[in-house]
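Commentary on secondary and tertiary structure
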Amino acid sequence: RLIIENILKYGFQAGQFGFWFANPLRALPLLLAWICLSSFAVLALGAEKLAAWREVQGRPSSGPWLVILHFINTSASLILPSYVVHTNKPDLLVSLLFMLVVLTLSMKLVSFAHVNADLRRLKRGGGSGSSNPLVEEQVAGYPANLSLRNMAYFLCAPTLCYQTCYPRSYRLRKRWLLRRIVELAICVALLAILIEQYIHPALLNSLAPLRELEVPRLLERVLKLSIPVLYFWLIMFYVFFHLWLNILAELTSFGDREFYRAWWNANDIEQYWRLWNMPVHTWLVRHVYFPCLHYTNSRDASIFVVFALSALFHELVIGVPMHLLRGWAFFGIIAQIPLIRITQKMNKLLKNEQAGNIFFWIVFCIFGQPMCILLYMHDYTVNLYT
């Protein structure tokens, strides 16, 4: 009934909203920038090879110069592509995908520099001193790991954390791969239908209540948006984490396929953030949380830095393609810190962990995301047509 009602009210909306793919020629600068992104990886590799050579020569291999060089290179890998998006104003969806690639590259470069610095320090000390053979294998692989082939594999592998070697699979499952590709195509088509047929018309009808601050109508619009946005988010999660990353892992023979855990059963907000995106969670723990904990000796301060950096990344990926930095994504992520405390206190007071799970689904998936999308869509539409 709801499908028929939507068609009767809005008609078939496929291809009606040109701002998704309005002009393919506007994506040409992004294509050229995409090709140039590899230069940042080559510069990072060159800096590490220079440090390894100085280590062999008995000279100081690390120091401020190497840290500064990596900082400039990683910052440029974020700033320059963002400038290209900002000045050329390509279509929204293309810009979003491009910024995700740019952020992924920058996070990989940070991990590459950080891990090689640790390997160099351990190698200088005569080994890791660990009884774990996997750690010894990583140390033994340095500096032979500093090659274009190794770097290229790391850039293509579905991981953000660098290692000299990874667990590998030894057989390409062609039928399995074909099924996943077909599923990917079907799910992407479903996402397009949800966007154009359900989410976009509802967003347009929500602009007036938001502009006039009509609270009852605005609440009704948010609730109407919540169901298609929830379906969109779940399908998008399935597309990226279950299909795309597994396809990439199969093509690269990457053995570690734990891209997510059972986040839908999360008892509080903190558990959700630890389970739903394992590659990013592992990167944040390895390269942000533990270093901050080492220098500050404060778990709360380290958690705040992690969420602040995550908030900055979310704002960058959303704000740059939409050409507006409003801070909705930033403050939405920062707001997770008090929500974590609320759900943990709720579970203790009610002595029922299901209460935290219910709170998570209501706040995060029914009110949180639709409201954030509505705020960005309002500002984007005003910016687009004024």
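For the structure given in this document, a descriptive report is provided here. Just so it is clear, the structure is predicted and the values come from calculations on it, not from any experiment.

Attention now moves to the layout of surface pockets. Considered as a void within the structure, the second largest pocket measures approximately 1,100 Å³ in volume. Every residue lining the second largest pocket is counted, 39 residues in all, and those nearest its centre are His70, Phe71, Thr74, Val110 and Ala113. Elements supplying a minimum of two residues to the lining of the second largest pocket: helix H4 (64-88), helix H5 (92-124), helix H11 (278-296) and helix H12 (299-322). Per-element accounting of the lining of the second largest pocket gives the leading share, eleven residues, to H5.

With that settled, the discussion passes to empty space enclosed by the protein. Under the criterion given, the structure shown has one cavity of 30 Å³ or more. Lining the largest cavity we find Glu270, Ile303, Ile337, Ile340 and Arg341. Residue contributions to the lining of the largest cavity peak at three residues, all from helix H14 (residues 336-350). Looking at the lining of the largest cavity, its residues break down into three nonpolar, no polar and two charged.

Before going further, it helps to examine the pattern of salt bridges. Any two side chains of opposite charge can pair, given that their charged atoms come close. Scanning the model with the defined rule gives nine salt bridges in all. Ionic pairing is found between Glu183 and Arg180, a salt bridge with its closest N-O pair at 2.6 Å. Of the two residues, Glu183 and Arg180 are both situated in helix H8 (residues 174-212); the distance of three residues between them amounts to about one turn of the helix. A residue is classified by how much of its surface remains accessible, and Glu183, at 22% relative accessible area, is partly exposed. Exposure remark for Arg180: the relative accessible area of 12% places this residue in the buried category. Counted as one network, the salt bridges with shared partners bring together Asp118, Arg121 and Arg286.

With that settled, consider a nonpolar patch on the surface. A surface patch of nonpolar side chains, amounting to about 460 Å² of accessible area, comprises Leu178, Val182, Ile186, Leu190 and Ile193. Within the element layout of this structure, Leu190 appears in helix H8. For Leu190, a relative accessible area of 39% corresponds to the partly exposed category.

With that settled, consider the side chain of Lys108. The residue Lys108 is located in helix H5 in this model. As a buried residue without a salt bridge, Lys108 has its nearest oppositely charged side chain in Asp256, at a separation of 12 Å.

Before going further, it helps to examine unusual backbone geometry. A positive phi angle is found at Ser253, which is not glycine, with a value near 60°. Tracing the chain through its elements places Ser253 in the loop between helix H9 (215-252) and helix H10 (269-275). For Ser253, a relative accessible area of 22% corresponds to the partly exposed category. Located in the positive-phi region is His323, a residue other than glycine, with phi close to 60°. Along the chain, the position of His323 falls in the loop between H12 and helix H13 (328-334).

Conventions adopted
Residues numbered from 1 in each chain as written. Predicted model: local features only at pLDDT ≥ 70, side-chain atom pairs only at ≥ 80, totals over all residues. Heavy atoms only, no water. 1 Å grid on protein atoms, 1.4 Å probe; cavity = no way out; pocket = protein on both sides within 12 Å on 5 of 7 lines; lining within 4 Å. Points joined across faces, edges and corners; volume = space filled by probe spheres on them. Helix = DSSP H or I, 4+ residues; strand = E, 2+ residues; numbered from the N terminus. Nonpolar A, V, L, I, M, F, W, Y, C, P; charged D, E, K, R; others polar. Salt bridge = Lys/Arg side-chain N within 4 Å of Asp/Glu carboxyl O. Buried < 20%, exposed > 50% of the residue type's maximum accessible area, 1.4 Å probe, protein only. Patch = residues over 30% accessible without salt bridge, like charges linked within 9 Å, V, L, I, M, F, W, Y side chains within 5 Å. Areas by Shrake-Rupley, 256 points an atom, 1.4 Å probe, with all protein chains shown as cover. Lys, Arg positive; Asp, Glu negative; His and termini not counted.

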